[in-house]
Amino acid sequence: MMDKELVIIGAGPAGLAAAVRAHEEGVRDILILERDDAPGGILNQCIHNGFGLHTFREELTGPEYAQRYIEKVRELGIEIKLDTMVLDIDSERLITAVNSEDGILEIRAGAIILAMGCRERPRGALNIPGSRCAGIFTAGTAQRLVNIEGYMPGREVVILGSGDIGLIMARRMTLEGAKVKAVVELMPYSTGLKRNIVQCLDDYGIPLLLSHTITRISGKKRLESVTVSRVDDKRRPIEGTEQVIACDTLLLSVGLLPENELSRNCGVELSPVTGGPVVNESLQTNIPGIFACGNVLHVHDLVDNVSAESSLAGANAAKFLRGETSGRGIPVKATGGVRYTVPSFVNPSRVAVPLELRFRVDNVYMDSFISVYFGDVREMHTKKRILTPGEMEKVLLRPEHFAKYPDCREITVKVEAE
């Protein structure tokens, strides 16, 4: 049994940023546990540029962005245990982990930051009829095969889902010489960033089939074709709209799921919308001393936002270790087109600087307003030319708002037409 002031689960961009900030706030006894053989997380396979524009004010690739934080962690002397799998966390902040060097580890933590990231939704969750042939990959797996392992998954490609990884892999496969025949999206809008639609599809003439889905997978040993059908407004395939697309590879980009098995086992309350922990303004879960940040909390669009959020988690974990505590606070209600908010609770006394309230909408809205109500009073009413589910939105809750409404018992965020 060993004791640590702060243990961070995950050495991806979230865990690294949280560790750096906690150290800057005075925490010296920090341990990062990482199951992979290198720090950096998913960024190690994201060799495209576009990272760091907000955090470092320059355009970096994923590995370059990760390396900035890896070097900082090493400079600060923060300990990282690689190839270490965390098996269990209990509500008393006792961590059980295993690796080949130490065997079974038991670590008592003063505070824990959950930064395990997310995983891709697999084919088994989609219930697509057809054979179990080779040539079907999640987009992230294909990205690792191409960018790290040096293998090409195939030559004639169809991508199901227009999430950012799928869009980026459409471009990557094209640059490697494959023919991407279509990106098929169930929804009437893309679930990825607008810039990725332009840079990864439009620039290469790759068709985006909105309101379509794959209704059959065909092939014996290897994938030979997929059947694509248009769907109605209830997302059901429309008979007679089928088209067969010959291909040898199908990439799935159909959503990301926060890695919260450890969180669930130790009693952390999870959101039914995001699948991530329910947190307050300090990014603390319902269990005192356990914080969450990054894609394990909710799936982000930009890694810069992950770093900013995780830095806040590191600072608040340091405050907890100094004896500063915060309860649940005022609930924040997401309604009227807003799917969820992070945080879900706010303690007014803990808002000394403007607090970023992040959220996503559930559809495409044109020329609408984001409204924030303190109780029954509408305090904010901001015009937005376009709101899409693929782009994360935010509003700032300022200390003066809480001073203005000292008796507020609920904050509501919604989309309004006028």
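Caption draft 1: Representation of the packing of helix α1 (residues 13-24) against helix α7 (residues 303-321). Between α1 and α7, whose axes approach to 7 Å, the crossing angle comes to 40°. Judged on the interaxial angle alone, α7 and α1 are oblique. Two packed elements cross with a definite hand, and for α1 against α7 that hand is right-handed. Mapping the contact onto sequence places Pro 13, Ala 14, Ala 17, Ala 18, Arg 21 and Ala 22 in α1 and Val 303, Val 306, Ser 307, Ser 310, Ser 311, Leu 312, Gly 314, Ala 315 and Ala 318 in α7. Class assignment of the residues belonging to the contact of α1 with α7 gives a composition of 10 nonpolar, four polar and one charged.

Caption draft 2: Layout of the side chain of Ser 368. Along the chain, the position of Ser 368 falls in strand β22 (residues 365-374). In terms of polar contacts, Ser 368 uses its side chain to reach the backbone carbonyl oxygen of Met 366, at 3.2 Å. Apart from the residues within four sequence positions on either side, Ser 368 is in contact with Thr 382, Lys 383, Lys 384, Val 415 and Glu 416.

Caption draft 3: Local environment of the sheet that holds strand β19 (residues 338-342). Across the sheet, three strands lie side by side as β19-β21-β24; this open sheet has antiparallel pairing. A single partner strand is all that each edge strand has here, and the edge strands are β19 and β24 (393-397). Each adjacent strand pair in this sheet contributes to an overall mean axis angle of 30°, direction not counted. The pairing of β19 with strand β21 (residues 355-361) spans four bridges and is classified as antiparallel. Residue pairing in the sheet places Val 342 in a bridge with Arg 358 of β21.

Caption draft 4: Region of the structure containing the side chain of Arg 172. Residue placement: Arg 172 occurs in helix α4 (residues 164-175). Since its relative accessible area comes to 18%, Arg 172 is described here as buried. When residues no more than four places from it in sequence are discounted, the contact partners of Arg 172 are Ile 47, Val 146 and Asn 147.

How each quantity is defined
- Residues numbered from 1 in each chain as written.
- Predicted model: local features only at pLDDT ≥ 70, side-chain atom pairs only at ≥ 80, totals over all residues.
- Heavy atoms only, no water.
- Axes fitted to C-alpha atoms, helices over the stretch in contact; angles between N-to-C directions.
- Helix = DSSP H or I, 4+ residues; strand = E, 2+ residues; numbered from the N terminus.
- Parallel < 35°, antiparallel > 145°, perpendicular 65-115°, else oblique.
- Left-handed = near helix turned anticlockwise from the far one by under 90°.
- Contact = heavy atoms within 4.5 Å.
- Nonpolar A, V, L, I, M, F, W, Y, C, P; charged D, E, K, R; others polar.
- Polar contact = N/O pair within 3.5 Å; in protein donor to acceptor, adjacent residues only side chain to side chain.
- Pairing = 2+ DSSP bridges.
- Buried < 20%, exposed > 50% of the residue type's maximum accessible area, 1.4 Å probe, protein only.

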